[in-house]
Amino acid sequence: MSNAPQSSQGPALQNEGPVTRFFRATEINARMLGMLAALVLIWCVFDIASGILRGNFGGLLGGSFLTPRNLWTLLVQTSSIAIMSTGMVLLIVMRQLDLSVGSMLSLVAVSGAVLQVFKLVPVLGVGHPAIWIIAVVACIALGTLIGALNGAVVAYARIPAFIVTLGGLLAYSGLAFYLARGETVAPMDKTYEIFGGGITISWLGPFWSWLLAGVACAAIVFGIANGRRQRLRFKFPLRPMWAEVFLAALGTAAVLGTTLVMNSYPWPFKLIENYAKANNVVIPPGVEDRDGNAICMAGEQVVRCADGLIYYTGFSVPVLIAMVVGLLMTFLATRTMFGRYVYAIGGNPEAAELAGINTKFMIVKGFALMGALVGISSIISSARLNAATNALGGLNELYVIAATVIGGTSLAGGVGTIYGAMLGALMMQSIISGMSLLNLPAAFQNIVVGVVLVFAVYLDQLYSRRVK
Amino acid sequence: MAKTSAKKAASKKLVTPVKSRKTPLAVKGRGPYVKPDGRDTPLIEMRDISIAFGGIKAVDHASIDLYPGEVVGLLGHNGAGKSTLIKVLSGAYKRDHGQININGDEVTINNPRDAKALGIETIYQTLALADNVDAAANLYLGRELKTSFGTLDDVAMESEARKVMGRLNPNFRRFKEPVSKLSGGQRQSVAIARAIHFNARILIMDEPTAALGPQETAQVGELIKQLKDEGIGIFLISHDLHDVFDLADRLVVMKNGRVVGTANVKDVTKDEVLGMIIAGKCPKGAVPGPGALRDVAA
Ligand SMILES: Nc1ncnc2c1ncn2[C@@H]1O[C@H](COP(=O)(O)OP(=O)(O)OP(=O)(O)O)[C@@H](O)[C@H]1O
Ligand SMILES: [Mg+2]
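Residues numbered from 1 in each chain as written. Chains lettered and ligands numbered in written order. Predicted model: local features only at pLDDT ≥ 70, side-chain atom pairs only at ≥ 80, totals over all residues. Heavy atoms only, no water.

Caption draft 1: How the structure looks around empty space enclosed by the protein. Enumeration according to the criterion identifies three cavities of 30 Å³ or more in this entry. Lining the largest cavity are 15 residues; nearest its centre among them are A:Leu354, B:Lys116, B:Glu121, B:Thr122 and B:Tyr124. Secondary structure elements with two or more residues in the lining of the largest cavity: α12 (349-354) of chain A together with α3 (112-117), β6 (120-123) and α6 (184-196) of chain B. Each residue belonging to the lining of the largest cavity can be placed in one class, and the counts come to nine nonpolar, two polar and four charged. (1 Å grid on protein atoms, 1.4 Å probe; cavity = no way out; pocket = protein on both sides within 12 Å on 5 of 7 lines; lining within 4 Å. Points joined across faces, edges and corners; volume = space filled by probe spheres on them. Helix = DSSP H or I, 4+ residues; strand = E, 2+ residues; numbered from the N terminus. Nonpolar A, V, L, I, M, F, W, Y, C, P; charged D, E, K, R; others polar.)

Shown next, in the form of structure tokens:
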């Protein structure tokens, strides 16, 4: 039986329902599907609510949430937390925790900014191409170093991660304050600002965005086909063909849909105007509206722009970075020894040690990786703000942990996925952005995020109890 | 290393034949057990091992040895220190006192990696499986097969796992499930597969058949005989006197952390061994250890 290719695996279940068969054949995690459904629901609710409270701004359901503009911003805002959550997943899976990521982000960002503004610029001059490179390398290196320090204390001094990183939370934010002398360090290097996604050259534009989407789709199809070929070669049970096609279609549709939305968000009016002026693009005279702005038509749409002159943003650099990090981290978690050991340690630390895994060094590496990701996020955050302050990463540790847990990572260790955590980050950011779109006060936003966090874990408990 | 073992395991036999092993055994091609009295250097010699947890002397100046191709049964009441003693050998615990020799040379075993590098494989009483990953991942934990890109070769590992498990436990199908979802016996099979799959020259089995059904137990018995024929030394811990008498050449009884005595299986009766385990009485046919009742042993 085990040597012949077949359409289903495990003990054959003859009389299973179509839903069970669907999930089993496609190997889609029902939990993840639930999370996606919740995400879509949240988006729809915010779109409808914003439509009722604030009027129609071109949202899919008559509000202002499901607009290219809002979704585009949402992704940019999610990227920093999403990047850090991929590292937090691995730490929590390994039964560790890092409470210091927020303070660490502030410290790294401030250090990077001080290095740029007070050390590099006076020596190299404003805009020197080496500045951003040195700053980026320094931020990631510093993050890695601080993370490794956290990990070394946890692993070799045997102090629980909760305590070590709680100490880090206080100490690093104190250090950041001391370094910045409580002030805002600015401005960042112009090229460095690209990482924030706030300036026109940090946007890919429709052509490159579509090209990238095409490559991604090809990769998805190739990946699925290759997996099937491998299993055929070893005569393992195969997924039914319809399930393979379904998965490929789902993946490519998600990629193309996202790209379409990103490519529908036009540059803000001012930027188009500036760009046109700077690049000698002729701005044909537009019709003036009541407020004296030039307006024009883009297809059916009235756009506030120098008529017809419209540029679309496409993917922005921080979102691309987050996607690349997500891919690399997924690869690390599922395809490498490092990832395998992370999960094994989480499943049974003693067994991992007995199997000859150097669990202490693994813990150091896990924290160092977390630190490197904090370094990347600190670059994005400070570039986006075009400044660094000692409060830049405030509360980030809690958002990152919340995103990770909402994304299905078990605090007991051993269970968690990268994509889950990134989805968790997206869900949390959606709630925060949605509520600020509804002009709800920040205090209220925190209340809701807190409730959602607890509720998500509760749902997870219900789900896993049912599965068992 | 991992690559070669994968290829080897693909050969018909469950266990790699002696000749193809990388690490030369002390006595090559040595047949079944010959009484070792002073003839060869022992494969393993643990001398005067002591280890205490807090105030409890879990193992107290215990000495045991093991010859190539020999099965030594380790017996004793619950908490006698059997598992602790072998965990010193497997690198799980660091001894407080004592010396370990392999083929007459002193070796340092500070952690499980050291022990594995010396060809010591262990089936732990607790099985020591990572519950959240599947059988193949557990089988290769710590020595994963890699593709030419350096990534995990999951298909190859699953393929090997299917072969090994197919021989140990032919009814086993659940290769995609985390081992936490397996039955006790299936988990034990995975642990056994892991210990025998990697060219061990010393095998430690701590109650390997405790959770197995009769058919699977018989299979493990066959396996032990086969490994022994290949010159591998085996420590077998068991509470089943019948099994020990059936499979072991020699037995060592422990009581309260100390060795009561050592005997060739054919020189003692089951009742005498029971007396050793329960009362610490060392019979005529056995060599008394520090844990033997002094006045009775004569
Ligand atoms: N990690 C530990 N920490 C503290 N005490 C321990 C530890 N491991 C074992 N002990 C103690 O050492 C003694 C010997 O335990 P061990 O597990 O070696 O017994 P055993 O002979 O294997 O028993 P069993 O037949 O029940 O498996 C016991 O008293 C036990 O409580
Ligand atoms: Mg024991």
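Caption draft 2: Region of the structure containing the coordination of the magnesium ion (ligand 2). All names here are of chain B. Looking at the metal site, the magnesium ion (ligand 2) is ligated by Ser-83 (OG) and Gln-125 (OE1), spaced 1.9 to 2.1 Å from it. Placement of the pair is Ser-83 in helix α2 (residues 82-89) and Gln-125 in the loop between β6 and α4 (135-139), with a sequence separation of 42 residues. For Ser-83, a relative accessible area of 19% gives the class buried. (Donors = N, O, S within 2.8 Å, 3.2 Å for Na, K, Ca; no water. Buried < 20%, exposed > 50% of the residue type's maximum accessible area, 1.4 Å probe, protein only.)

Caption draft 3: View of the sheet that holds strand β3 (residues 71-76) of chain B. Residue and element names in this part refer to chain B. Taken together, seven strands build an open sheet; the order of strands is β6-β7-β8-β3-β9-β10-β11 and the sheet is mixed. With one partner strand each, in any of the chains shown, β6 and β11 (286-288) form the two edges of the open sheet. Pairs of neighbouring strands in the sheet enclose a mean axial angle of 20°, with direction left out of account. Alignment of β6 against strand β7 (residues 202-206), held across four bridges, turns out to be parallel. Residue pairing for β7: Ile-120 is matched across the bridge by Ile-202. Across the sheet, α2 lies against β3, β6, β7, β8 (233-237) and β9 (250-255), angled at about 140° from β3, the strand it touches most. Sitting on the sheet, α6 is in contact with β6 and β7, with an inclination near 175° to β6. (Pairing = 2+ DSSP bridges. Axes fitted to C-alpha atoms, helices over the stretch in contact; angles between N-to-C directions. Contact = heavy atoms within 4.5 Å.)

Caption draft 4: Structural view of the interface of chain A and chain B. Taken together, the contact pairs 30 residues of chain A with 29 residues of chain B. Interface area, chain A with chain B, both sides summed: about 2,700 Å², of which 60% is carbon and sulfur. Broken down residue by residue, the surface that chain A buries against chain B is led by A:Arg335, A:Arg340 and A:Leu354, which jointly contribute 25%. At the surface where chain A touches chain B, the tally comes to three salt bridges. A salt bridge links B:Asp154 to A:Arg340, with the nearest nitrogen and oxygen atoms 3.0 Å apart. Seen at the junction of chain A and chain B, the total is nine residue pairs in polar contact (both at pLDDT 80 or more). Contributions of two or more residues to the side of chain A that touches chain B are made by α7 (205-233), α10 (317-335), α11 (337-347) and α12 of chain A. Among the elements that line the side of chain A that touches chain B, the one with the most residues is α11(A), at seven residues. Of the residues assigned to the side of chain A that touches chain B, the class counts are 14 nonpolar, 11 polar and five charged. (Buried area = accessible area lost by both parts, 1.4 Å probe. Salt bridge = Lys/Arg side-chain N within 4 Å of Asp/Glu carboxyl O. Polar contact = N/O pair within 3.5 Å; in protein donor to acceptor, adjacent residues only side chain to side chain.)

Geometry only, nothing functional implied.
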